[in-house]
Amino acid sequence: MRYFDEKELVYKLDRILKKEFGTNLSFHEFSAGYGIADMVFAPNFSFKKHMLNRIPITDFQSLSILLTLVDGKDYTKSEIYSLFPQLTQKEVGRMLHALAIKNYIEKIDKESYRKCKMIDPLNPIKSIIAIEVKLNDHKKGLTQARRYQYFADESYLAILKEAERNIDYEEFNKYNIGLILFDNCTNSIEVKHPKAVNRHFQNKVRELLQDS
């Protein structure tokens, strides 16, 4: 059996899981302030039915900047810098540039910005699935998958099927984490869904994601 790394496993899973979850919208390395999920899917979503007017934001800090800005108000760079003292001016500048390119904010002049009017306020993304991908380390994978419950409706660990013999299913059931077992010989998956609806997500994070 040919060895491959986690990055390759992510790309192997991407096509399979899009079909599994009925979507053509997925993100890799998604940051929402609670770790970086290897994969995030919007289940039952199709670009053919839902034409997004802008490129979705997949960075938590950029979303925070966007939602902090008040509609219709002009901000200087200095004012925006002061709102996010935990970030460097270079980081904020990079995020402002990206938000302007994606038409979330408008650059008024060299030193000021304004939030663009929302042209697609009804978000077609109704739920979120987050996945941590590991080859064999199910314990670390479980810990990371639990973090994603702060923003995802369902959280999973995807792992090689050969690692299944070491997994304590009671622990996964206890924390309501699903499992995706990938068989490298057949390029197929076995999905064990979470046992219940996730009640741990934080409204603040959900609002940020729903506005992305």
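The coordinates are above.
Colleague: What is the right way to read helix 4 (residues 89-101) from this model?
Modeller: An α-helical segment advances 3.6 residues per turn. Residues three or four places apart therefore align on the same side. With 13 residues, helix 4 should reach 18 Å at 1.5 Å per residue; the first-to-last C-alpha distance of 18 Å fits that figure. Three or more residues of helix 4 are buried, namely Val92, Met95, Leu96 and Leu99. Seen from one end, helix 4 has its buried residues packed into an arc of 105°, which puts them on one side. In helix 4, the exposed positions angled more than 90 degrees off the buried face are occupied by Lys90, Arg94, His97 and Ile101. Asn103, located one to two residues past helix 4, shows a positive phi value of around 65°.

Colleague: I would appreciate a short explanation of the sheet that holds strand 5 (residues 112-115) in the present structure.
Modeller: Strand order in the open sheet made by the three strands is 3-5-4, with antiparallel pairing throughout. In this open sheet, the two edge strands, each paired with only one partner strand, are strand 3 (74-76) and strand 4 (105-109). Averaged over all pairs of adjacent strands, the angle between strand axes in this sheet comes to 35°, irrespective of strand direction. As judged from the four bridges shared by strand 4 and strand 5, these two strands associate in the antiparallel manner. Across the sheet, Ile105 pairs through a bridge with Lys115, a residue of strand 5.

Colleague: What's the story with the pattern of salt bridges in this structure? I'm lost.
Modeller: Oppositely charged side chains can pair when the atoms bearing their charge come close. For the structure on display, the rule yields eight salt bridges. With its nearest N and O atoms 3.8 Å apart, the salt bridge here joins Glu106 to Arg114. A residue is classified by how much of its surface remains accessible, and Glu106, at 39% relative accessible area, is partly exposed. In this structure Arg114 comes out as partly exposed when scored by relative accessible area, which is 27%.

Reading the values: the criteria
- Residues numbered from 1 in each chain as written.
- Predicted model: local features only at pLDDT ≥ 70, side-chain atom pairs only at ≥ 80, totals over all residues.
- Heavy atoms only, no water.
- Helix = DSSP H or I, 4+ residues; strand = E, 2+ residues; numbered from the N terminus.
- Expected span 1.5 Å × (residues − 1).
- Buried < 20%, exposed > 50% of the residue type's maximum accessible area, 1.4 Å probe, protein only.
- Arc of directions from axis to C-beta.
- Pairing = 2+ DSSP bridges.
- Axes fitted to C-alpha atoms, helices over the stretch in contact; angles between N-to-C directions.
- Salt bridge = Lys/Arg side-chain N within 4 Å of Asp/Glu carboxyl O.

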